[in-house]
Amino acid sequence: MEMNDEMLRLSLIELMNEDLLNDFVNRVFKYRLREEEYVYMQYKIVNDNIVLNIYDNSSVNRFKAYIFTNDDINNDIKDVYYINIEKCYNKYKNKGTKNKLDLLGALLKEQDNDEKKRIINYIDNNSMKNILLKHFTV
């Protein structure tokens with residue numbers, strides 16, 4: 001199954017342009033960036049997986065890779081996270097997860113616009129919510 005990769009890419013660009021990327025990374029990826037700190041994100045598609053490389057300029061200078069995939073991939077590498085979107089979707093549908101990373105994974109899988117709206121409504125920032133709605137519900 002295909003992922004909503006282009007929808008995510010366009011959303012990330014607009015979040016960056018609207019100066020909301022740090023807040024998005026804080027909420028979804030559980031960073032604690034302060035106002036004077038910045039995050040740098042590289043978005044790419046590798047072997048049908050969405051790869052987000054995130055680097056920040058905080059005092060610990062973190063570099064993490066988040067790979068959204070349709071497969072189960074075992075990984076022992078610190079700071080590389082494989083997110084199986086099927087599992088995220090099942091957590092959302094069966095258990096009603098409120099974990100923002102799981103919700104993002106579910107959003108990447110979901111094809112129904114009404115269901116995408118329900119997932120996006122778990123975001124508690126209206127500006128971010130509007131950007132995601134704009135790009136994911138076409």
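See above for the structure.
Residues numbered from 1 in each chain as written. Predicted model: local features only at pLDDT ≥ 70, side-chain atom pairs only at ≥ 80, totals over all residues. Heavy atoms only, no water.

**Q** For this particular structure, what's the right way to read helix α1 (residues 5-17)?
**A** Side chains of residues three or four places apart in an α-helix project in the same direction, reflecting 3.6 residues per turn. An ideal rise of 1.5 Å per residue puts 18 Å on 13 residues; α1 measures up with 19 Å between its terminal C-alpha atoms. Buried residues of α1: M7, L8, S11, L12, E14 and L15, and no others. Seen from one end, α1 has its buried residues packed into an arc of 165°, which puts them on one side. (Helix = DSSP H or I, 4+ residues; strand = E, 2+ residues; numbered from the N terminus. Expected span 1.5 Å × (residues − 1). Buried < 20%, exposed > 50% of the residue type's maximum accessible area, 1.4 Å probe, protein only. Arc of directions from axis to C-beta.)

**Q** Even after reading the chapter, I still don't get the pairing of strand β3 (residues 63-69), so can you show me in this structure?
**A** Each regular strand displays side chains that alternate between the two surfaces of the sheet. With six of seven residues buried, β3 lies mostly within the body of the structure. Where strand β2 (residues 49-56) folds back onto β3 in an antiparallel hairpin, the turn is made up of six residues, including N61, whose phi is positive at roughly 45°. Pairing of β3 with strand β4 (residues 80-84), which is carried by five bridges, proceeds in the parallel orientation. Of the residues in β4, the one forming a bridge with I67 is Y82. (Pairing = 2+ DSSP bridges.)

**Q** Whenever I open this one, the pattern of salt bridges confuses me. Can you help?
**A** Side chains that differ in charge, positive against negative, can pair when their charged atoms come close. Within this structure, the stated rule accounts for 13 salt bridges. Linking R9 and E6 is a salt bridge whose minimum nitrogen-to-oxygen distance equals 2.6 Å. Note that R9 and E6 are positioned in helix α1 at a spacing of three residues, about one turn of the helix. On the basis of relative accessible area, E6 is assigned to the partly exposed category, the value being 38%. Between D23 and R27 there is a salt bridge; the shortest N-O distance is 3.0 Å. Of this pair, D23 and R27 both sit in helix α2 (residues 21-29), four residues apart, which is roughly one turn of that helix. Exposure remark for D23: the relative accessible area of 24% places this residue in the partly exposed category. (Salt bridge = Lys/Arg side-chain N within 4 Å of Asp/Glu carboxyl O.)

**Q** Sorry if this is basic, but what is going on with the packing of aromatic side chains here?
**A** Two descriptors summarise a pair of aromatic rings, namely the distance from one centre to the other and the angle between the planes of the rings. Per the stated rule, a full pass over the model turns up five aromatic pairs. For the ring pair F29 and Y66, a centre distance of 4.5 Å and an interplane angle of 55° mean the geometry is tilted. On the criterion of sequence distance, the pair formed by F29 in helix α2 and Y66 in strand β3 is long-range, its members being 37 residues apart. Looking at F29, the relative accessible area reads 5%, which means it is buried. Taking 5.1 Å as the distance between ring centres and 20° as the angle between the ring planes, the aromatic pair formed by Y66 and Y81 counts as stacked. (Phe/Tyr/Trp six-rings, centres within 6.5 Å; stacked < 30°, edge-to-face > 60°.)

**Q** How should I be thinking about unusual backbone geometry in this particular structure?
**A** Across residues other than glycine, the phi torsion is negative in most instances, and most of the peptide bonds are trans. Although it is not a glycine, D19 sits at a positive phi angle of roughly 60°. Looking at where D19 falls in the secondary structure, it is placed in the loop between α1 and α2. Phi is positive for D48, close to 65°, though the residue is something other than glycine. The topology assignment puts D48 in the loop between β1 (39-46) and β2. D48 sits in the exposed class, given a relative accessible area of 65%.

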